[in-house]
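This is what each chain is made of:
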Amino acid sequence: MLLLSKAVSQLLLPPGIFILLGIISLVFWKKTWARALLFCSLALMWVLSTEPIRDSLTAPLEFQYAAYNMDASSQGEAAIILLGGGVQENAPDYQGSDELSKYSMMRTIYAAKIAEQTNFNIYATGGTPLTQTTEAEADIMKSWLIWFGIDESRIISENKANTTWENAVLTQVLLNEKGINTIILVTSAWHMPRAVFCFESQGLNVTPAPTDYLTNQVDYDLRSYLPRWNVLADSGSALHEYLGLVWYKLRY
């Protein structure tokens, strides 16, 4: 089921959707609507590859919650929840071991920073989606947290969850055992709305701690309106989140 949902989302989002539309256009090329479809597909690919359009998609996700205030005093008992964001399998620069993707690494660094500031324990959550050979995301994040100087006794690894919803459900079980109901939730800023929805649905009191923003924070220039592959990827991530939010709210 997870593989099927991932495959469908890849076909509905860039660049899969543009390839599908292009194939349909070529098959029915003699039809006026097919040529118009190809033009619209190329135009849409262009605009989604530009910073202003990308930002119009990412900003509502990323700024739905304020940045976490490191200087604010924390009241009562709480836990830092660190969500995985993917694994690089067989990383050549680490002698073929499984390592964190850039999203996971940015989240892990930020969680370590908050842990230093608050002295709260970190619950790292993430399993092995779509593979049984990769080391669990949570276990890899735990290794890096220790390397960053966080005491191992302060790190709890939840290594079974393969979706954001499962992150929330399985972590809540661990929190219940400790009587903790308040969390500081660390994930990428564009992923935060869906993550908050999942954890609040478990009855938890959530303080968002977004990191790794995609939205441009400086003025645009000429290049901002020209297509770039990495900007298209960012737009795809934002569209994936909107699709995920709709799906989660319908399903859960």
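Report follows, based on the coordinates. Values in this document were obtained by computation on a predicted structure and should not be read as measured data.

So, how was this worked out
- Residues numbered from 1 in each chain as written.
- Predicted model: local features only at pLDDT ≥ 70, side-chain atom pairs only at ≥ 80, totals over all residues.
- Heavy atoms only, no water.
- Pairing = 2+ DSSP bridges.
- Helix = DSSP H or I, 4+ residues; strand = E, 2+ residues; numbered from the N terminus.
- Axes fitted to C-alpha atoms, helices over the stretch in contact; angles between N-to-C directions.
- Contact = heavy atoms within 4.5 Å.
- Salt bridge = Lys/Arg side-chain N within 4 Å of Asp/Glu carboxyl O.
- Buried < 20%, exposed > 50% of the residue type's maximum accessible area, 1.4 Å probe, protein only.
- Patch = residues over 30% accessible without salt bridge, like charges linked within 9 Å, V, L, I, M, F, W, Y side chains within 5 Å.
- Areas by Shrake-Rupley, 256 points an atom, 1.4 Å probe, with all protein chains shown as cover.
- Expected span 1.5 Å × (residues − 1).
- Phe/Tyr/Trp six-rings, centres within 6.5 Å; stacked < 30°, edge-to-face > 60°.
- Lys NZ or Arg CZ within 6 Å of the ring centre and 35° of its normal.

Looking now at the sheet that holds strand β7 (residues 205–211). Judged by pairing direction, the sheet is parallel, and its five strands sit side by side in the order β5-β4-β1-β6-β7 without closing on themselves. Unpaired on one side and paired on the other, β5 (155–158) and β7 mark the two borders of the sheet. Between one strand and the next, the sheet's axes are offset by a mean angle of 25°, whatever the strand orientation. In terms of strand pairing, strand β1 (residues 79–83) meets strand β4 (residues 121–125) through five bridges, oriented parallel. Residue Ile-80 lies in a different strand from β4, and its bridge partner there is Ile-122. Where helix α7 (residues 164–178) meets the sheet, its contacts fall on β1, β4, β5 and β6 (182–188), and the angle it forms with β4 comes to roughly 145°. The strands touched by helix α8 (residues 192–200) are β1, β6 and β7; relative to β6, the strand with the most contacts, the crossing angle is about 150°.

Considering all chains together, one arrives at six salt bridges under this definition. A salt bridge links Asp-55 to Arg-54, with the shortest nitrogen-to-oxygen separation between them at 2.5 Å. One exposure class covers both Asp-55 and Arg-54, and it is buried. For Arg-54, the salt bridge is made with Asp-234, and the minimal N-O distance between the two is 2.8 Å. Placement of Arg-54 in helix α4 (residues 51–62) and of Asp-234 in helix α9 (residues 229–251) is noted, with a sequence separation of 180 residues between them. Here Arg-54 falls in the buried class, since its relative accessible area comes to 5%.

Side chains of Met-1, Leu-4, Val-8, Leu-12, Leu-243 and Trp-247 sit close together on the surface and give an oily, nonpolar patch of about 620 Å² of accessible area. Among the secondary structure elements, those contributing two or more residues to the nonpolar patch are α1 (2–12) and α9. At three residues, α1 tops the list of elements feeding residues into the nonpolar patch. Examined against the element boundaries, Trp-247 turns out to sit in helix α9.

As a further point, take α9. Helix length check: α9 (23 residues) gives 32 Å between terminal C-alpha atoms against 33 Å at 1.5 Å per residue, within 8%. For α9, every residue scored as buried is listed here: Val-231, Leu-232, Asp-234, Ser-235, Gly-236, Ser-237, Ala-238, Glu-241, Gly-244, Leu-245 and Tyr-248. Next to the buried residues of α9 lie α2 (16–27), α3 (32–48), α4, α5 (102–118), α7 and α8.

Direction of pairing for strand β2 (residues 87–91) relative to strand β3 (residues 97–100): antiparallel, over a ladder of three bridges. Counted as the bridge partner of Val-87 is Leu-100 from β3. Taking the residues between adjacent antiparallel strands as the criterion, β2 and β3 are bridged by five residues, where Gln-95 takes a positive phi near 55°.

So, about the side chain of Thr-128. Locating Thr-128 in the fold gives a position in the loop between β4 and α6 (137–147). Looking at Thr-128, the relative accessible area reads 16%, which means it is buried. Beyond its immediate stretch of four places on either side in the chain, Thr-128 contacts Thr-134, Glu-135, Ala-136 and Asn-162.

The subject of this paragraph is the packing of aromatic side chains. Across all of its chains, the model carries 11 aromatic pairs by this definition. Ring plane angle 75° and centroid distance 5.2 Å describe the contact between Tyr-103 and Trp-190, whose orientation is recorded as edge-to-face. You can see Tyr-103 sitting in helix α5 and its partner Trp-190 sitting in the loop between β6 and α8, a full 87 residues away along the chain. The same class applies to Tyr-103 as to Trp-190, namely buried. Centroid distance Trp-165 to Phe-197: 6.3 Å. Interplanar angle 40°. Geometry classified as tilted. Of this pair, Trp-165 sits in helix α7 while Phe-197 is found in helix α8, placing the two residues 32 residues apart along the sequence. Directly above the aromatic system of Trp-190 lies the positively charged group of Arg-107, at a separation of 5.9 Å from the ring centroid. For the cation-ring pair, Arg-194 lies above Tyr-248, with the distance from its terminal atom to the ring centre recorded as 4.9 Å.

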